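Listed below, chain by chain, are the residues.
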Amino acid sequence: MKKTIAEKVIAKHLSQGKMEPGEEIALKIDHTLTQDSTGTLAYLEFEAMGIPKVKTELSLSFVDHNMLQNDFRNADDHRYLQGVAAKYGIVFSRPGNGICHQLYLERFAKPNATLLGSDSHTPTAGGMGMIAIGAGGLDVAAAMAGEPFYLEMPSITGIKLTGKLSPFVSAKDLILQILKQLTVKGGVNKILEYYGPGAKTLSVPERGTITNMGTETGATTSIFPSDETTRAFLRGQGRENQWTELKADDGAKYAETLDIDLAKVEPLIALPHSPDNVKAVSELEGTPVDQVCIGSCTNSSLRDLKIVSALLKGKKISENTSLTVSAGSRQAMQNLAATGELEPLIESGARILENACGPCIGIGQAPTSEGVSLRTFNRNFKGRSGTQDAKVYLVSPETAVAAAITGKITDPRKLGKYPEIAMPERFVLSDAMFIYPSLKATGKVVMGPNIKPLPTFQPLPNKLTGEVLLKVGDNISTDDILPGGSEIMSLRSNIPEISKYTFIHIDKTFANRALERGGGFIVGGENYGQGSSREHAALAPKYLGVKAVITKSFARIHMANLVNFGILPLAFTDKHDYLGIAQADVLDMEFTELKEQLCVKNLTKGTTIEVTLCLSDLEKSMVKAGGKLAAIKAKQK
Ligand code: MIC
Ligand code: SF4
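Residues numbered from 1 in each chain as written. Chains lettered and ligands numbered in written order. Predicted model: local features only at pLDDT ≥ 70, side-chain atom pairs only at ≥ 80, totals over all residues. Heavy atoms only, no water.

K.L.:
Help me understand the overall build of the protein chain, please; the structure alone is not making it clear to me.
P.N.:
In terms of helices and strands, the protein chain carries 21 helices and 27 strands. Dimensions of the protein chain, computed from the C-alpha atoms along their principal axes, are close to 70 × 55 × 55 Å. Burial analysis of the protein chain (637 residues in total) assigns 62% to the buried set. Long-range pairs, those at least 24 residues apart, make up 77% of the contacts in the protein chain between residues at least 6 apart in sequence. Surface accessibility of the protein chain: about 22,700 Å² in total, with carbon and sulfur atoms responsible for 51%. A gap of 3 Å separates the mean positions of the 71 positive and 69 negative side-chain charges of the protein chain. (Helix = DSSP H or I, 4+ residues; strand = E, 2+ residues; numbered from the N terminus. Buried < 20%, exposed > 50% of the residue type's maximum accessible area, 1.4 Å probe, protein only. Contact = heavy atoms within 4.5 Å. Areas by Shrake-Rupley, 256 points an atom, 1.4 Å probe, with all protein chains shown as cover. Lys, Arg positive; Asp, Glu negative; His and termini not counted. Charge placed at Lys NZ, Arg CZ, Asp CG, Glu CD.)

K.L.:
Help me understand the sheet that holds strand β3 (residues 31-35), please; the structure alone is not making it clear to me.
P.N.:
The pairing of strands in a sheet comes from backbone hydrogen bonds and takes either a parallel or an antiparallel form. Pairing within the open sheet is mixed, and its six strands lie in the order β7-β6-β3-β4-β5-β20. Only two strands of the sheet have a single neighbouring strand rather than two, namely β7 (131-134) and β20 (434-435). Two strands pair when backbone bridges link them, and β3 and strand β6 (residues 114-117) are joined in this way by three bridges, in the parallel orientation. Residue pairing across strands places L33 opposite G117, the latter belonging to β6. Running at roughly 115° to β3, helix α2 (residues 36-48) makes contact with β3 and β4 (58-62) of the sheet. (Pairing = 2+ DSSP bridges. Axes fitted to C-alpha atoms, helices over the stretch in contact; angles between N-to-C directions.)

K.L.:
Is there a simple way to explain the site of ligand 1 in this structure?
P.N.:
As a matter of local geometry, ligand 1 sits amid 14 residues, with S37, D119, S120, S533 and R534 nearest to it. The contact in question runs from an oxygen atom of ligand 1 to an N or O atom on the side chain of S37, over 2.6 Å. Computed on the free molecule, ligand 1 has an accessible area of 330 Å², of which 97% lies beneath the protein chains in the complex. (Near = heavy atom within 4 Å. Polar contact = N/O pair within 3.5 Å; in protein donor to acceptor, adjacent residues only side chain to side chain.)

K.L.:
I'm lost on the environment of L482 in this one. Help?
P.N.:
Here L482 lies in the loop between α14 (478-481) and α15 (486-489). A C-alpha to C-alpha distance of 35 Å links L482 and G286, two positions 196 residues apart in sequence. Apart from the residues lying within four places of it in its own chain, the contact partners of L482 are I498, Y501, T502, R534, H536, A537 and A540.

Bear in mind that shape data such as this cannot, by itself, settle questions of function.
Below you can see the structure in the form of structure tokens.
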């Protein structure tokens, strides 16, 4: 059979199942990645599994999200993570080293391998020809324990690129164009595979920008071929020996294809409050801009910083606009400094932040009330910046600089001549901020007072009764379910405390009501749980007693997280039934077996509706046991 590149990597790692779209498959995982804000739970879960050392080829623990140390809590998390890494054989990336996805791409990604990460933007490494998938912490913990990763075999969309991007148009504009076409749910259960002559014109970091934001389409992952460009990047990183070629067989078939002529892509911008709300920058020209933020795992590579530096050279930022720049890694920052290209940033008035996620997840730099903020990031969900009424737009680094200089949304093509930037043949390399575990090390694991034990849950009863605690609309993100920001995120290791913030910006009475009523149901629209991989968005509702979530459809990672924590993910068999349920209705369901079709009685309205439970036998057994951890423990007994 002629294979696409995704099929080749999957075939090499397939430990169960058939590579047919919709079939459950199990993949051997070579590498795992965690970051601090999902990592503490992932490692508590891993520790509960009782495995002495990780069983993967390589496992990495990064600290990049909760970087503010306003009190002991985040610092204690960092200390816990460092101790766990040393004890269990995990490479630890110290706070300040940079953002997990950027660092992983630079130092560890290699073609033809698999990566599972407890962060939804793990597919960034697809820019290196990997199958890199985001998942909940528990799935990553299971992979560290040597378990394969189970998923639905996605269908493969081929995206054929021809031509070359024009001056002032970059990879971000291309992925925004794709998002406009596919929307935030168009990629669910798909792999976006890039090919064609246009793909060759894109550098590895540019490919990383595209695969990073493929996540916003809901795609399982995105992948580029591994070619001479990949090889040159690895050579520059002193890792050419890890290069292997990866290309699709001639005549390989895609389930569907998109054709994009790169020369026709223009500067684009995603409007508040969704990454797929895309328009041409030229349509919004003149809108005053209060803040510009450059960075995040989407646009913080050396390539991006160099173009920003070249465009800012000799210029000052507008006095009405604040500009922040956060490099994706210490390496990118060091290389920028080595060639004197950091200077124009400082000279221009940019505020240079730590190499971390920072403003992307509301850790500092919240915009002014009703402020307009242009960001090179990947998500602009309402309130994510830390200011509920701010208007966040997503743009390329080129468009970001144009706004920082002029103080308003400006087509970057007006900035004059597009500068040529030279990428180093050999990067300045320093791995000093990685701590490699030694074979003998045991590591001292210290838990601060904010790190609470994982809650345990009972098996699912055969009768579920309760109130609809909340009814929400389409595209509810995990940021809506359990928001980011420094205050709430400092509680990531403390489920009882963080659960108080569940749905806080949608309905601040939710947590109390759920506890008072002894739990209940949530009703949602399409693409429920889009966005991040944070399992807290499932674990906190579970802690509050949520028994089932009934929606028109789910986002992939969140649905897996619900299953992992024993919440039934049910879909309306007939989507019109969504209209027949109201908040506060009392629902009742009884079953002897978890069948694909189940009945839900609405005791308030006196109606009965059918819902679909689309789970494999393995997943059903996990929900029944009260979650994945309970199922693993039951197996060990
Ligand atoms: C995000 O971008 O939303 C995050 C913060 O990186 C999350 C992970 C988390 O919630 O800790 C993600 O993308 O998975
Ligand atoms: Fe960090 Fe933002 Fe990337 Fe999430 S999307 S990993 S918060 S930079």
